[in-house]
Number of protein chains: 2
Amino acid sequence: MLIGGIEAGGTKFVCAVGDESGEIFDKVSFPTRNPDETLADAKQFFDQYVIEALGVGTFGPVDLNKQSDTYGSILLTPKMKWRNYPLLSRLQDDYSVPVYLDTDVNAACLGEYKYGAGRNVNSCLYITVGTGIGAGLVQNGTVFQGKNHSEMGHIFVQKHVDDPFAGSCPSHGACIEGLASGPAIEQRYGKKGTELVDNEEVWKLAAYYLAQAIVNYFVILSPEKIILGGGVMKQKKLYPMIRGEFMKQLNGYLDVGNVDDIIVAPELKDEQGVKGAILLGMVNEKQVSNF
Amino acid sequence: MLIGGIEAGGTKFVCAVGDESGEIFDKVSFPTRNPDETLADAKQFFDQYVIEALGVGTFGPVDLNKQSDTYGSILLTPKMKWRNYPLLSRLQDDYSVPVYLDTDVNAACLGEYKYGAGRNVNSCLYITVGTGIGAGLVQNGTVFQGKNHSEMGHIFVQKHVDDPFAGSCPSHGACIEGLASGPAIEQRYGKKGTELVDNEEVWKLAAYYLAQAIVNYFVILSPEKIILGGGVMKQKKLYPMIRGEFMKQLNGYLDVGNVDDIIVAPELKDEQGVKGAILLGMVNEKQVSNF
Ligand SMILES: Nc1ncnc2c1ncn2[C@@H]1O[C@H](COP(=O)(O)OP(=O)(O)O)[C@@H](O)[C@H]1O
Ligand SMILES: Nc1ncnc2c1ncn2[C@@H]1O[C@H](COP(=O)(O)OP(=O)(O)O)[C@@H](O)[C@H]1O
Ligand SMILES: [Zn+2]
Ligand SMILES: [Zn+2]
């Protein structure tokens, strides 16, 4: 059974066809432009194949509340041409197979849960620290969702006493995305993260904030594993720093076991998103029993 | 069908028998002492009735991980006689019917979800602001649980710039429980909340912190309703203050609808816990389809 998957990112789209084994048979990637052009490229790729379902992990915010009139539409994105765009119904028009939509981070979480760093646990949280901060939770093969999807990058945390930066989030200033995303680091120091590699203070502060966010997610959601991905996490030294800060801040309150097994890197390189998108097509077809 | 319910609180136990209608036929309450004495009182009450299952909402932390060797035991409570006490297996020995265990806040959430302020929604979060701060989430009739239960009172939030108080949580200092619980308020001002009724600053600061915690829960869990109970919330003026702060802090980032419908008071007076405990017995007997 061939399933199509789209990782619909704000910068680029990745389209692939694969099956339940997790293997990808063909894959293409192109920049995200306006909806018509971008979705035409996707159609051209998938028209080469006979797929039985299409799963899509999209940038957001997106309306995933099935009771809502605008279910499946992109919401208040800064990308004006995509704002209020009815992505799901457009895809349903373009393709004659069932289409299943979720967020990019939820798809990535599903990919890592099934094939990657979460494959031996019952629940995992996937956090991306990149242009934004976002996270998705999978429990027993099912993506967690409330009334709408989570927006985990916009939680508040304690400011570091020595950090005068007001934060970069246009809505909240110093939410975790406003304090520790790639653009937040760039605004605080006036240089890109890649130019700050040797500045220990930069990564200590980032680890301090990210560990706090992880404590908050951990005590609220109690996942078995926490997988940290995204551009900022390319600074590999962040992993041990975050683990140390996490244990320090949690301060023995909960028994976490070995933190090296809890806070980990992704294992699917850059394919968790598109593999997860393919899984979205399968999960919804065949339900959770597959997991 | 008669079901037994126990609200096993740190200060008092409430035991009741009831049925699926939500009616309570008999109820008794007594102080929490050591396990033997306390559980003997419970047994004496239930021995008057023929119950078909027993549901228990207990103080914590408690091990609810079914894979764990100590499943059903109380964990690191400051009440030494209850520390590591195998509550579930003791109850299973005492009663010949199935026993279902969850936390006190999860039980209370289930009670409000089914019969109270959450009865018309698909998901609700119940937060108690009392001696501690805790919360439980119910979605579509099912209590949310990760590897173990949530410990939502121990999230970090931004300190108010004018608040020098280091926080009262023995583990974290300024987590939300350490900043806004009853004992936190008492430690900050050197007086009980009930003696501070007319001091506007006290409640403004409490509302500032509680609203932040609610923003964090809201963006992570996306519940339809947030029900705030517990001793501190007896200060009714906190409700509008928290709603206002919540909207200010969220700052239009998500469309929440009418906040007066989202952040609300409990409706079951002091019976959400024990009614929820009775439901725990029923949910596990007859599954979620009842809801
Ligand atoms: N090696 C690196 N070290 C630190 N920061 C990086 C690195 N590579 C990328 N970033 C930062 O990560 C962000 C991009 O994140 P990424 O996950 O690649 O994309 P996106 O979040 O847009 O999908 C940028 O802000 C960039 O500055
Ligand atoms: N009317 C009130 N105003 C403010 N605080 C109160 C009020 N009543 C109780 N409290 C505070 O609430 C806490 C007790 O919370 P409660 O929910 O009644 O019990 P518990 O959390 O122990 O189950 C105490 O710290 C007390 O000071
Ligand atoms: Zn924000
Ligand atoms: Zn704490």
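Above this text is the structure in question.
The model shown is predicted, which means the values in this text are computed figures rather than measured ones.

When chain B is brought onto chain A, the operation consists of a screw motion whose angular component is 180° and whose axial shift is 0.0 Å, with 0.0 Å RMSD remaining. Here the transformation between the copies is reduced to the relation of a two-fold axis. A share of 100% of the interface residues of chain B reappears at the interface of chain A, consistent with the copies meeting face to face through the same patch.

Residue and element names in this part refer to chain B. Spatial ordering of the open sheet is given by E3-E2-E1-E4-E5, a layout of five strands whose pairing is mixed. Edge positions in the sheet fall to strand E3 (24-31) and strand E5 (99-103), since each has one partner strand and no second. Neighbour-to-neighbour, the strand axes of this sheet turn through a mean angle of 15°, independent of strand direction. Pairing of strand E1 (residues 3-8) with strand E2 (residues 12-18), which is carried by six bridges, proceeds in the antiparallel orientation. Bridge pairing in E2 links Glu7 to Val14. Packed on one face of the sheet, helix H1 (residues 35-46) meets E1, E2, E3 and strand E4 (54-58) and runs near 20° to E2. Here helix H3 (residues 104-115) sits on the sheet in contact with E4 and E5, set at roughly 100° to E5.

Interface extent is often summarised as the accessible area lost during association of the parts. Listed by partner, the interface residues are 35 residues for chain B and 35 residues for chain A. Taken over both partners, the interface formed by chain B and chain A buries close to 3200 Å², and the fraction arising from carbon and sulfur atoms is 58%. Looking only at chain B, the three residues that lose the most surface to chain A are B:Phe156, B:Ile220 and B:Tyr253, adding up to 23% of its buried area. Linking chain B with chain A are zero salt bridges. Taken together, the links from chain B to chain A amount to 22 residue pairs in polar contact (both at pLDDT 80 or more). Every element with two or more residues in the side of chain B that touches chain A is listed here: strand E7 (133-139), helix H6 (200-221) and helix H7 (238-250) of chain B. Per-element tally for the side of chain B that touches chain A: the top contributor is H6(B), with seven residues. Looking at the side of chain B that touches chain A residue by residue, the class counts come to 16 nonpolar, 15 polar and four charged.

All names here are of chain B. Taken together, His154 (ND1), Cys169 (SG), His172 (ND1) and Cys175 (SG) make up the protein donors of the zinc ion (ligand 4), found 2.0 to 2.4 Å from the metal. Donor residues for the zinc ion (ligand 4) sit on one chain with the sequence pattern H-x14-C-x2-H-x2-C. Here His154 is found in the loop between strand E8 (142-143) and helix H4 (176-180), whereas its partner His172 is found in the loop between E8 and H4, with 18 residues between them in sequence. Accessibility assignment for this pair places His154 and His172 in one class, buried.

All names here are of chain A. The coordination sphere of the zinc ion (ligand 3) contains the protein donors His154 (ND1), Cys169 (SG), His172 (ND1) and Cys175 (SG), at a distance range of 2.0 to 2.4 Å. Relative to the metal, the four donor atoms surrounding the zinc ion (ligand 3) lie at angles of 103 to 120°, and the coordination shape comes out tetrahedral. Each donor residue of the zinc ion (ligand 3) lies on the same chain, and together they follow the pattern H-x14-C-x2-H-x2-C. Cys169 gets classed as buried once you look at its relative accessible area, which sits at 7%.

Moving on, we get to the environment of B:Glu177. Residues and elements named next belong to chain B. Take Glu177: it is sitting in helix H4. The class of Glu177 is buried, set by a relative accessible area of 18%. Note: C-alpha distance between Glu177 and Gly130 (47 residues apart in sequence) is 9.1 Å. Every residue in contact with Glu177, bar those within four places of it in the chain, is listed here: Gly132, Ile133, Gly153, His154, Ser168 and Ala184.

Calculation criteria
Residues numbered from 1 in each chain as written. Chains lettered and ligands numbered in written order. Predicted model: local features only at pLDDT ≥ 70, side-chain atom pairs only at ≥ 80, totals over all residues. Heavy atoms only, no water. Least-squares fit on C-alpha atoms with pLDDT ≥ 70 in both. Contact = heavy atoms within 4.5 Å. Pairing = 2+ DSSP bridges. Helix = DSSP H or I, 4+ residues; strand = E, 2+ residues; numbered from the N terminus. Axes fitted to C-alpha atoms, helices over the stretch in contact; angles between N-to-C directions. Buried area = accessible area lost by both parts, 1.4 Å probe. Salt bridge = Lys/Arg side-chain N within 4 Å of Asp/Glu carboxyl O. Polar contact = N/O pair within 3.5 Å; in protein donor to acceptor, adjacent residues only side chain to side chain. Nonpolar A, V, L, I, M, F, W, Y, C, P; charged D, E, K, R; others polar. Donors = N, O, S within 2.8 Å, 3.2 Å for Na, K, Ca; no water. Buried < 20%, exposed > 50% of the residue type's maximum accessible area, 1.4 Å probe, protein only. Tetrahedral: all angles 85-135°; square planar, octahedral: opposite > 155°, others 65-115°.

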